Amino acid sequence: DTEVTQTPKHLVMGMTNKKSLKCEQHMGHRAMYWYKQKAKKPPELMFVYSYEKLSINESVPSRFSPECPNSSLLNLHLHALQPEDSALYLCASSHRVLNTEAFFGQGTRLTVV
Amino acid sequence: AQSVTQPDIHITVSEGASLELRCNYSYGATPYLFWYVQSPGQGLQLLLKYFSGDTLVQGIKGFEAEFKRSQSSFNLRKPSVHWSDAAEYFCAVGARAGGTSYGKLTFGQGTILTVHP
């Protein structure tokens, strides 16, 4: 199984809502990542978790709150988002932090209204 | 800081023609190098990677890439393009252990490939 599963595939939320994005992998990977991709742009790193600990936060606003409850799961909690936060949110995992390739999920298309 | 440049925003080729997508990187040492492909609204699929060793790397779907240290390049090639290859292609550089950017994958701006029948 070389799959990274993200749910939901699509999400529409208001600016006062609280929602969560979920990412799951069962490849035994110990590094997991959140990326944000705006339309017609490359993915940009948001967070890196290594062995369930946050190792990189790319100065992401606090309205995005990551959580890694165990080695297979990665969540991204969303609160008080802005319309400019609308994007494709991609989760990825790798065996260790970047000593091997990262496998990406299909993404969650988020629209903030 | 690491960076990647993909000079071609959009490339159009005929089906069956050869393809070369250019990628130049900036990094203080030998980086990890990757090529990913993305179909519209989808996630990214790894085509191939370079970590060390043989500078000509073979990937999936008939793609290959060559690492040239002297030119800081990692160009992607395919001898005969199929209509299903139409997608966006991203070159990416990953920092090796020991630096503050370890774990960070930096992508180029992407090259959109259109394939004419």
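Below or above, wherever it landed, is the structure these notes cover. (Residues numbered from 1 in each chain as written. Chains lettered and ligands numbered in written order. Predicted model: local features only at pLDDT ≥ 70, side-chain atom pairs only at ≥ 80, totals over all residues. Heavy atoms only, no water.)

1. Regarding the overall build of chain A
Counted only if it meets this: Secondary structure counts use DSSP, requiring at least four H or I residues in a row for a helix and at least two E residues in a row for a strand, with both numbered from the N terminus. The globule rule is 2.2 Å times the number of residues to the power 0.38, and the radius of gyration it is compared with is taken over C-alpha atoms. Throughout this description, buried means an accessible area under 20% of the type-specific maximum (1.4 Å probe, protein chains only), exposed means over 50%, and partly exposed covers the range between. Any two residues having at least one pair of non-hydrogen atoms within 4.5 Å are treated as being in contact. A 1.4 Å probe and the Shrake-Rupley method give the accessible areas. Residues count as covered only by the protein chains that appear here.
Within chain A, the regular secondary structure consists of zero helices and 11 strands. When the helices and strands of chain A are read in sequence order from the N terminus, they spell out β-β-β-β-β-β-β-β-β-β-β. A globule of 113 residues ought to have a C-alpha radius of gyration of about 13 Å, and chain A, at 13 Å, matches this closely. Here chain A holds 113 residues, and the buried ones make up 50% of them. Across chain A, contacts joining residues at least 24 apart in sequence account for 55% of those joining residues at least 6 apart. When the accessible surface of chain A is totalled, it reaches about 5,400 Å², and 50% of it is carbon and sulfur.

2. Some thoughts on the environment of Gln25 of chain A
Residue and element names in this part refer to chain A. Quick note on the threshold: What qualifies as a polar contact is a pair of N or O atoms within 3.5 Å, subject to a donor-acceptor requirement within protein and to the restriction that residues adjacent in sequence count only when both atoms come from side chains.
Counting through the fold element by element, Gln25 comes out in strand S3 (residues 18-25). When the C-alpha atoms of Gln25 and Val97 are compared, they prove to be 15 Å apart, with 72 residues separating the residues in sequence. Setting aside residues no more than four positions away along its own chain, Gln25 makes contact with Glu3, Val4, Met32, Ser71, Ser72 and Ser93. In terms of polar contacts, Gln25 uses its side chain to reach the backbone amide nitrogen of Met27, at 2.9 Å.

3. So, the interface of chain A and chain B
Our working rule: Accessible area that two parts lose when put together, with a 1.4 Å probe and added across both, is what the buried area reports. Take a side-chain nitrogen of Lys or Arg and a carboxyl oxygen of Asp or Glu: if they are within 4 Å of each other, that pair is a salt bridge. In the scheme used here, Gly and all other residues not listed as nonpolar or charged are polar, with Ala, Val, Leu, Ile, Met, Phe, Trp, Tyr, Cys and Pro taken as nonpolar and Asp, Glu, Lys and Arg as charged.
The interface of chain A with chain B comprises 22 residues on the first partner and 22 residues on the second. Roughly 1,800 Å² of surface becomes buried between chain A and chain B when both sides are summed, with 58% attributable to carbon and sulfur atoms. For the salt bridge of Glu101 of chain A with Lys49 of chain B, the shortest nitrogen-to-oxygen distance reads 3.4 Å. Our count for the chain A to chain B interface comes out at three residue pairs in polar contact (both at pLDDT 80 or more). Where the side of chain A that touches chain B is concerned, the elements lending two or more residues are strand S4 (31-37), strand S5 (44-50) and strand S9 (87-94) of chain A. When its residues are assigned to classes, the side of chain A that touches chain B shows 13 nonpolar, five polar and four charged.

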